[in-house]
Amino acid sequence: MGFREKLLVCATIESETKEEMVKSMEIAKEEGADLVELCMESISHISDVELVLKQRTLPAIVSFSKTKIVVLHDFMLMVGSSVHNFRLNSQKISCKGDSKHKCLQVLRLAVELDVEFVEIDFELASDMINEVMQKRENSKIIVSSYVKCGIHSKEKLGNLLICLQSTGADIVKLVTEVAYITDVAPVFHVLTLSQVPVIVRAVGDRGLISQLLGPKYGAFMVSGSLGGKSIPGLPPLLSIKNIYKLDNVDVDTKVFGVVSNPVGHSKGPLLHNPAFRFCGYNGIYVPLLVDNIKEFLRVFSCSDFAGFSIGLPHKEAAVACCDEVDPLAKISNGEEPNVSPIAGRLFVLVGAGGAGRALAFGAKSKGARVVIFNRNFGRGESLAQAVSGEALPIDHLDAFCPENGMILANCSAIGMEPDENLRSYDLVFDAVYTPRNTRLLQEAVEVGVTVVSGVEMFIRQALGQFKLFTNGLAPEDFMRKVVLEQF
Ligand SMILES: O=C1C[C@@](O)(C(=O)O)C[C@@H](O)[C@@H]1O
């Protein structure tokens with residue numbers, strides 16, 4: 001911890017040709033990168049490597065990794081034998097001789113050209129570390145290790161860190177495969193332990209928070225992708241700079257996020273992060289791709305993980321994880337129906353998941369009669385029972401037209417095709433908010449029906465969440481403005 005004056009933002013560049021690499025460096029500069037990582041393994045000729053390095057327009061890390069070759073188990077055998085004896089038995093490396101040869105050429109050249117950072121893959125070229133250390137002038141040496149998917153305990157990663165540090169590296173880098181988001185927790189732990197600056201990267205979609213939250217734990221650098229491209233586990237540079245503003249993240253930053261699966265569609269980060277800044281609140285809101293919510297809440301239980309929005313498919317499981325549940329979120333059908341525009345109406349609900357459930361109880365509490373269509377009929381039936389309503393098979397929906405003035409609410413995860421009888425509804429609501437104007441809503445408007453978009457639900461939920469997150473008021477005008485501009 002404490003190695004960083006200013007967080008470095010690095011653009012990872014993996015191009016096949018020198019022209020592409022040079023072009024990518026330009027884009028990286030435009031997008032505000034402080035430096036670039038030039039992954040040289042795909043550039044075939046050493047003369048091209050030289051050319052790219054000479055033309056660099058930003059400080060660079062030169063890396064060459066024949067990664068993914070050592071499983072954690074092998075590595076730990078080695079660590080177990082001696083922390084200081086980091087020379088690998090060459091048989092353990094399944095990389096071809098020419099890769100190794102090329103790697104050595106690239107690293108030597110980088111040192112000769114005095115490139116700012118030279119990264120040595122520990123498994124591939126630990127025997128080069130001393131040579132490079134001696135020959136370098138100003139280059140900083142990064143010693144990196146790639147850890148295959150496995151159980152990354154704090155102890156194992158801690159030992160690996162000690163091992164990498166003991167090489168005399170200026171900076172160490174740990175790249176880990178993760179199967180679940182909870183596997184990132186030991187990576188954060190390692191960040192807080194290190195005696196030298198550390199770069200971490202948890203690979204894959206579930207590893208994204210290693211970049212977004214790394215700065216909270218003292219990461220000295222984060223990596224991002226170029227041109228808004230999505231590379232699993234790497235946030236786009238533009239979002240690092242403009243949405244998350246990771247420069248501002250520090251040890252006191254409170255973590256919030258949307259727990260969902262999938263989660264990539266969520267616009268929550270676009271809304272909550274600017275709202276935190278608007279209020280001067282030190283918080284960050286990130287997408288959290290969670291497979292098991294109970295496990296997620298167990299692992300990230302410290303008070304710095306301060307609040308979550310819950311999306312599909314975790315809504316109901318989340319309630320079961322809570323110590324206290326707001327009466328409204330419980331099965332609260334004790335509420336007196338008050339006079340509401342939907343009182344007495346037929347409320348046709350499609351989808352009986354978490355959001356559908358909330359709407360069914362909401363409608364019932366406002367005095368509506370609820371009819372539920374759900375793909376899984378049994379699930380629809382049990383929700384219908386809970387709200388004293390009726391469940392019908394999903395294929396009856398199109399022909400369903402017992403009366404006029406009904407209300408249609410789509411809460412099905414996969415969206416809904418418009419049906420024949422849209423005219424018999426007075427109001428159509430679609431919980432889907434991307435796109436803002438779904439086909440269902442468009443066609444409802446065409447036949448003159450009033451519509452409510454999922455965006456309105458999204459905003460109102462976000463306002464409620466933000467109040468709880470910050471223990472204060474949500475800046476409603478500002479948040480509505482953000483939604484209008486961004487969505
Ligand atoms: O289900 C959703 C959608 C959401 O998860 C999102 O960010 O997309 C936000 C949640 O508040 C909401 O309940």
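Residues numbered from 1 in each chain as written. Predicted model: local features only at pLDDT ≥ 70, side-chain atom pairs only at ≥ 80, totals over all residues. Heavy atoms only, no water.

For the protein, an unreviewed UniProt entry supplies the name Aldolase-type TIM barrel and the organism Cynara cardunculus var. scolymus.

This part is about the site of the ligand. For the ligand, the full set of nearby residues is V258, H265, S266, S309, I310, G311, K315, Y433, F458, Q461 and Q465. Note that an oxygen atom of the ligand is positioned 2.6 Å from one of the side-chain N or O atoms of Q465. For the ligand, the protein covers 87% of the area, taking 310 Å² as the surface of the free molecule. Put simply, the ligand lies in the second largest pocket. Mapped onto the shell around the ligand, the elements with two or more residues apiece are β11 (305-310) and α17 (454-470). (Near = heavy atom within 4 Å. Polar contact = N/O pair within 3.5 Å; in protein donor to acceptor, adjacent residues only side chain to side chain. Areas by Shrake-Rupley, 256 points an atom, 1.4 Å probe, with all protein chains shown as cover. 1 Å grid on protein atoms, 1.4 Å probe; cavity = no way out; pocket = protein on both sides within 12 Å on 5 of 7 lines; lining within 4 Å. Sits in = over half its atoms within 2 Å of the grid points. Helix = DSSP H or I, 4+ residues; strand = E, 2+ residues; numbered from the N terminus.)

Counted by the stated rule, this structure contains 23 salt bridges. One salt bridge connects D48 with K18, and the closest N-O pair in it is separated by 3.7 Å. Placement of D48 in helix α2 (residues 46-54) and of K18 in helix α1 (residues 18-30) is noted, with a sequence separation of 30 residues between them. Residue D48 is classed as buried on the basis of its relative accessible area, which comes to 17%. Note on K18: relative accessible area 23%, which makes it partly exposed. Residue R108 pairs with E131 through a salt bridge whose shortest N-O separation is 2.6 Å. With R108 in helix α4 (residues 97-112) and E131 in helix α6 (residues 129-135), the pair connects residues that are 23 residues apart, well separated along the chain. One network of salt bridges, with partners in common, ties together E456, R460, E476 and R480. (Salt bridge = Lys/Arg side-chain N within 4 Å of Asp/Glu carboxyl O. Buried < 20%, exposed > 50% of the residue type's maximum accessible area, 1.4 Å probe, protein only.)

Quick look at the layout of surface pockets now. Considered as a void within the structure, the second largest pocket measures approximately 920 Å³ in volume. Around the second largest pocket, the lining comprises 44 residues; the ones closest to its centre are H265, G311, L312, K315 and A355. For the lining of the second largest pocket, the secondary structure elements donating two or more residues are β9 (254-260), α11 (268-279), β11, α13 (315-321), α14 (354-365), β13 (369-374) and α17. Looking at the lining of the second largest pocket element by element, the count peaks at six residues for α17. (Points joined across faces, edges and corners; volume = space filled by probe spheres on them.)

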